[in-house]
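Examination of the molecular architecture
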Amino acid sequence: MEKFAKAFPSKPLPSKTAKPWALAGVVGSGNLEVLVERGGRPTDTMQCHVETSIPGYKASWLAALADFAHHYPAGGTKVTINDQGAPPVLVNLRLRQAYDHLTKGDK
Amino acid sequence: MSGVLFHEQTARQRIASLADAGSFVELLPPPERITSPYLAQLGIPVSFDDGIVIGHAKIGGKKIYLAAQVGQFVGGAVGEIHGAKLTGLFKAAARDKVPCVLIIESGGVRLHEGSSGEIAIAETMRAIFECRALKVPTIAVIATDIGAYGGIGILSTCCDYRIMTEHGRLGISGPIVIEKWMGKKAYDSANRALVWKTSGGKTKYLLGDADALAHDSPEAVRDAIARLLTKSSAVSLASVKARQKDLEKRLKKFGTTDDPDAVWKGMGVRDIGAASLASGPEFAALAKRGK
């Protein structure tokens, strides 16, 4: 297991979201779950906490998370990830799904 | 029909599609982070809900307690937290006299935390019997190939009713386990037709282990639940003895056959080919199960 936490600069989240938290994905082989919650401080960073079963890919994780924080207004969110070996493209997809559910509701 | 297949949905999607819109309230939701301490010690990733979503909801305006297991997370297996959530839900159902529906997707006890998983399943069974003693309906839904096996297979048979689809499977030992112990000649776990004809929803319906056979859609499963939500019966010595007699009869009738079709024929299926292609109520109509 490898665990790390980091905050990334991001534009503030819209003041209204569909729900206070959202979950995307499942902890299964090659998959991950992403929990996005509002109410993080400060409101211009996205706080991330990652736990992954595959050690040694911290640089890729930080790049994927920084990229997401740059493209989406996710400041003031807490992002917590349980990972079981998901590839970076899936990490990005789950982040976007969780963010969509948070801001627009489950659809 | 929405065209959505129930067996392809996630646990949360299943709950959302069964419950009246917006009525589901999750208990111990992911932000509470009640996760398995054992998996963490073993360096295995944990899940925020420990593989089960529990809460209360309404179906057709009627309040129910509702749980759905997450089969993709360690096979939906029951650990300490997962089991405690399950036990608590059935206890709440007994306390509030509100029906309880469990959407099953589990291979049984989680081996990484075996003892606490076994105890949790035993405690949940006790809570189910508490519900039944109070005539609070308990329903298990088994609708995916992960199915209900091991302790969860037994637990499902403690409920008043089981709703299955043709994708669902119900048993104690899984096909691979049986093959490992008895040999490939006795039971070939790679033979999907054989596996489904011995443990699949259609066969379980014929034998009376499943009370309803539904189409693989959230609407059909929801209808089946709504129909069964009204009745419950207590477990008594007489009911257990009657069940034992049924099982003895079944063993006598089918105990020596190697041919699953013989079981279908013996349970009233005349046209095996047509029944193989039919599903849900159409299959039930072809079968004319004597019940």
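Whatever comes next refers back to the structure up there.
Computed from a predicted model, the values in this text were never measured in an experiment.

**Structural notes on the overall build of chain A**
Helix and strand counts for chain A come out as 2 helices and 5 strands. When the helices and strands of chain A are listed from N to C terminus, the series reads β-β-β-β-α-β-α. Against the 2.2 N^0.38 benchmark of 13 Å for 107 residues, chain A shows a C-alpha radius of gyration of 13 Å, consistent with a compact globule. For chain A, the spread of C-alpha atoms along the principal axes amounts to about 35 × 30 × 20 Å. When contacts within chain A are restricted to residue pairs at least 6 apart in sequence, those whose partners lie at least 24 apart make up 86%.

**Section: helix α5 (residues 150-158) of chain B**
The periodicity of an α-helix, 3.6 residues per turn, causes residues three or four places apart in sequence to face the same way. Every buried residue of α5 of chain B is listed here: Gly 150, Gly 151, Ile 152, Gly 153, Leu 155 and Ser 156 of chain B. Buried residues belonging to α5 of chain B abut β4 (100-104), α4 (114-133), β5 (138-142) and β6 (161-164) of chain B.

**So, the nonpolar core**
Ranked by internal contacts, the top residues of the largest apolar core, which has 97 residues, are Ala 67, Val 141, Ile 163 and Val 221 of chain B. When sequence neighbours within four positions are dropped, the list of residues in contact with Val 221 of chain B reads Phe 6, Leu 18, Val 141, Ala 143, Ile 163 and Ala 214 of chain B.

**So, the sheet that holds strand β3 (residues 31-38) of chain A**
All names here are of chain A. Strand order in this open sheet of 5 strands is β1-β4-β5-β3-β2, and the pairing throughout is mixed. On the outer flanks of this sheet lie β1 (2-9) and β2 (21-24), each paired with one strand and no other. Along the sheet, successive strands turn relative to each other by an average axial angle of 15 degrees, direction set aside. Sheet analysis places β2 next to β3, joined by 4 bridges and oriented antiparallel. The partner of Ala 22 across the bridge, within β3, is Val 36. Its contacts with the sheet place helix α1 (residues 58-71) against β1 and β4 (45-52), and it is angled at close to 30 degrees to β1. Set on the sheet, helix α2 (residues 88-104) makes contact with β2 and β3; between it and β3 the angle comes to about 35 degrees.

**A short note on the pairing of strand β5 (residues 77-84) of chain A**
Here is the key point about a regular strand: its side chains alternate between the two faces of the sheet. Residues and elements named next belong to chain A. In terms of residue burial, β5 counts as a mostly covered element, since 7 of its 8 residues are buried. In this structure, β3 lies alongside β5, joined through 8 bridges in antiparallel fashion. Directly across from Asn 31, in β5, lies its bridge partner Gln 84. Pairing of β4 with β5, which is carried by 7 bridges, proceeds in the parallel orientation. Its bridge partner being in β5, Gln 47 is matched across the sheet by Lys 78. One crossover worth recording links β4 to the parallel β5 by way of α1, and it is left-handed.

**Observations regarding the packing of α1 of chain A against α2 of chain A**
Residues and elements named next belong to chain A. It is the contact of α1 with α2, at a shortest axis distance of 10 Å, that shows an interaxial angle of 35 degrees. Judged by the sense of rotation from one axis to the other, the crossing of α1 with α2 is right-handed. Contact with α1, carried on its side by Ser 60, Ala 64 and Phe 68, involves Pro 88, Val 91, Asn 92 and Leu 95 of α2 and no other residues of that element. Partitioning the contact of α1 with α2 into residue classes produces 5 nonpolar, 2 polar and no charged.

**Topic: the interface of chain A and chain B**
Counting residues at the interface gives 15 residues for chain A, matched by 13 residues for chain B. Mapped onto the side of chain A that touches chain B, the elements with two or more residues apiece are β2, β3 and β5 of chain A. Of the residues contributing to the side of chain A that touches chain B, the split by class is 6 nonpolar, 4 polar and 5 charged.

**Looking at the packing of helix α1 (residues 11-18) of chain B against helix α9 (residues 218-228) of chain B**
All names here are of chain B. Between α1 and α9, whose axes approach to 9 Å, the crossing angle comes to 60 degrees. The orientation of α1 relative to α9 falls into the category oblique. Seen along the crossing, α1 lies across α9 with a hand that is right-handed. Counting all contacts with α1, which are made through Arg 14, Ser 17 and Leu 18, the residues of α9 involved are Pro 218, Val 221, Arg 222 and Ile 225. Taken together, the residues that form the contact of α1 with α9 break down as 4 nonpolar, 1 polar and 2 charged.

**Details of unusual backbone geometry**
Following Arg 41 of chain A, the chain continues to Pro 42 of chain A via a peptide bond in cis, the omega torsion being -5 degrees. Tracing the sequence through the fold places Pro 42 of chain A in the loop between β3 and β4. Look at Asp 50 of chain B: it is not a glycine, yet its phi comes out positive at around 50 degrees. Examined against the element boundaries, Asp 50 of chain B turns out to sit in the loop between α2 (37-41) and β2 (52-59). On the neighbour-count criterion, Asp 50 of chain B (27 C-beta atoms within 10 Å) is buried. In this structure, Lys 135 of chain B is a non-glycine residue whose phi angle is positive, near 60 degrees. Along the polypeptide, Lys 135 of chain B turns up in the loop between α4 and β5. Given 12 C-beta atoms within a 10 Å radius, Lys 135 of chain B is considered exposed.

About the cut-offs
Residues numbered from 1 in each chain as written. Chains lettered and ligands numbered in written order. Predicted model: local features only at pLDDT ≥ 70, side-chain atom pairs only at ≥ 80, totals over all residues. Helix = DSSP H or I, 4+ residues; strand = E, 2+ residues; numbered from the N terminus. Rg over C-alpha atoms; globule rule 2.2 N^0.38 Å. Contact = placed C-beta atoms within 7 Å. Buried ≥ 20, exposed ≤ 12 C-beta atoms within 10 Å, placed from the backbone. Core = buried A, V, L, I, M, F, W, Y, C linked by C-beta atoms within 7 Å. Pairing = 2+ DSSP bridges. Axes fitted to C-alpha atoms, helices over the stretch in contact; angles between N-to-C directions. Right-handed = clockwise from strand over helix to strand, strands pointing away. Left-handed = near helix turned anticlockwise from the far one by under 90°. Nonpolar A, V, L, I, M, F, W, Y, C, P; charged D, E, K, R; others polar. Parallel < 35°, antiparallel > 145°, perpendicular 65-115°, else oblique.

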